[in-house]
Amino acid sequence: MPAGFFLTIAALVLFAEPMERSVFVVCGLAVEVLGLGVAVRGHMLARGESRP
Amino acid sequence: MNPNLPVAVMPDSVFALTLALLLLAPLAIAGVALINTGLGRSRSAAQSLLGCLAIVAISAVVFALVGSAFAGSLPGGTGHSFHLAGKAWNWLGEGPLLLSGLGTAPAKSQLGLIFEFLAVALAALLPWGSGADRLRLAAGCATAAVLAAFVFPLAAHWIWGGGWLGQLGVNFSLGSGFLDAGGAGTVHLLGGLSAMAVLWIAGPRRGKFPKEGFSTAMPGHNAVYVLFGCLISLVGWIAFNVAGAILWLNAPLIALPLTVINTLLTASTALAATFTVTRIRFGKPDASLCANGWMAGLVASSACAAIVTPIVALFVGLIAGIATPMLVELFELALTVDDPSGAVSVHAAAGLWGLLAAGMFSHQPGQFVAQLVGVAALLGVFLPLIYLLFWLLNRVVPFRVDPDGERIGMDLHELGGGAYPEFVIHRDDSYR
């Protein structure tokens, strides 16, 4: 998730053209969503093993 | 409305109106406290409401002692910045410690400080509601202290205190910068992410997810508390949204009735949508899900009520109201997240939707990208940060009560007496 955040920062710093910047920001957000999915999935597995 | 325009001196009439609104804003806290209590079990009701009171108190004290300095709430310095790509990135506030100089600060700074005091208390209540029936009182207070000392002040400075998110418009020509007048991101998304971290660390209630079969239904013990909490939240939310529009967007007085109407419309449409969805889904409308829908509408309005038209407010409420009951089911049945108050789906998800809607329906070029960058910062920085801090905190102050305490109820275990001593409380055997 922090990697996605740094991608969005990189988009702001590296691209001046609005379209390129927007696409790169969306890519950063997509990486964050992937990270969130992994985190959610990881906690689901842990819970399944320790269900009372 | 432009948050980046300098405002010379706040007129007395605007000062008086904003102060009056901020005196009504604690009703939002009271409403959320009632909802948290009503959605928990009866044997934990007193502990839940006492916890809400304690969390409000701890948040206020810690924010006054430490947090307000990091947030840069009062004038005292230019803040901590670094330079990258020729731009100044203001990432941490620099205010006086212990609120020194409060009496001589400009009127707008004093009112902004009151807003932040109330906002941090509201944000800190959200993980407490999610951890109902198993989170220890000491753990709730400790999480509130962590949020009020560092996490909330950092977000508040970035968004409201002249930090880099608020300056995206000036530095990168992205609309007016990240817009969040009522606290959809700073309060609700942040609080909802904190709730998610608490849920991951503390785990579900005993018996919620049996080894076989579906999850066990553990309905809230008092629908009256929940629905009355929704009603008084409306007053607090209108106060938050209008005061936020004045303080953070420099809204003129003539624009304020629109903010009130949009707040009401968003909540109303969300309730109607949730009512219809649950009526179709279950055959009858579900009271607690309808309350969740209403609150989701209010949360979504926090970001956009001051800047969209009424027809857009209706649309924002419609989407929030349809999505909320589905998300509640998704989190519980598919993702095995036991969230009694629904803070993740109501506050985090609806806050996220409101922030995106504020960008989608803004007519300023680059505003949607500014909102995306703000969301990326809240998700990518604050969720890992909160999870790390709470994980460390759990080593020092264990979040979860021991199994015996959970069995007899938090009231008896932590307070020595129940909220309803004249009534027979359900035994734990009633659940599988």
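Here the structure is shown first, and the text comes after it.
Residues numbered from 1 in each chain as written. Chains lettered and ligands numbered in written order. Predicted model: local features only at pLDDT ≥ 70, side-chain atom pairs only at ≥ 80, totals over all residues. Heavy atoms only, no water.

Observations regarding the side chain of His157(B)
All names here are of chain B. Tracing the backbone through its elements, the reader meets histidine 157 in helix H5 (residues 137-159). In this structure the side chain of histidine 157 is engaged in a polar contact, spanning 3.2 Å, whose partner is the backbone oxygen of alanine 71. If we skip the residues at most four places from it in the chain, histidine 157 touches Phe70, Ala71, Asn90, Trp91, Leu92, Gly93, Gly162 and Gly163. (Helix = DSSP H or I, 4+ residues; strand = E, 2+ residues; numbered from the N terminus. Polar contact = N/O pair within 3.5 Å; in protein donor to acceptor, adjacent residues only side chain to side chain. Contact = heavy atoms within 4.5 Å.)

Points about the interface of chain B and chain A
Residue-level contacts link 33 residues of chain B with 21 residues of chain A. Interface area, chain B with chain A, both sides summed: about 2,400 Å², of which 75% is carbon and sulfur. Remark: the boundary between chain B and chain A carries 0 salt bridges. Connecting chain B to chain A are 3 residue pairs in polar contact (both at pLDDT 80 or more). Elements with a contribution of two residues or more to the side of chain B that touches chain A: helix H6 (168-172), helix H7 (184-202) and helix H13 (367-396) of chain B. Among the elements that make up the side of chain B that touches chain A, the one with the highest residue count is H13(B) (12 residues). Here the side of chain B that touches chain A is composed, by residue class, of 27 nonpolar, 4 polar and 2 charged. (Buried area = accessible area lost by both parts, 1.4 Å probe. Salt bridge = Lys/Arg side-chain N within 4 Å of Asp/Glu carboxyl O. Nonpolar A, V, L, I, M, F, W, Y, C, P; charged D, E, K, R; others polar.)

Examining the pairing of strand E2 (residues 87-92) of chain B
All names here are of chain B. Here strand E1 (residues 80-84) runs beside E2; their pairing, made up of 5 bridges, is antiparallel. Within E2, the position partnered with serine 81 by the bridge is asparagine 90. Linkage of E1 to E2, two consecutive antiparallel strands, is achieved through a turn of 2 residues, within which alanine 85 is found at a positive phi near 55 degrees. (Pairing = 2+ DSSP bridges.)

Comments concerning the pattern of salt bridges
Close approach of charged atoms allows side chains of opposite charge to pair. All names here are of chain B. Counted under the stated rule, the structure contains 8 salt bridges over all chains. For the salt bridge of arginine 400 with glutamate 406, the shortest nitrogen-to-oxygen distance reads 2.9 Å. In this structure glutamate 406 comes out as buried when scored by relative accessible area, which is 5%. In this structure, aspartate 404 engages arginine 407 in a salt bridge whose closest nitrogen and oxygen atoms are separated by 3.0 Å. With aspartate 404 and arginine 407 both in helix H14 (residues 403-408), this residue pair falls 3 residues apart, about one helical turn. Judged by its relative accessible area of 42%, aspartate 404 is partly exposed. The exposure class assigned to arginine 407 is partly exposed, which follows from its relative accessible area of 41%. Linked through salt bridges whose partners overlap, the residues forming this network are Arg41, Asp133, Arg134, Arg205 and Asp338. (Buried < 20%, exposed > 50% of the residue type's maximum accessible area, 1.4 Å probe, protein only.)

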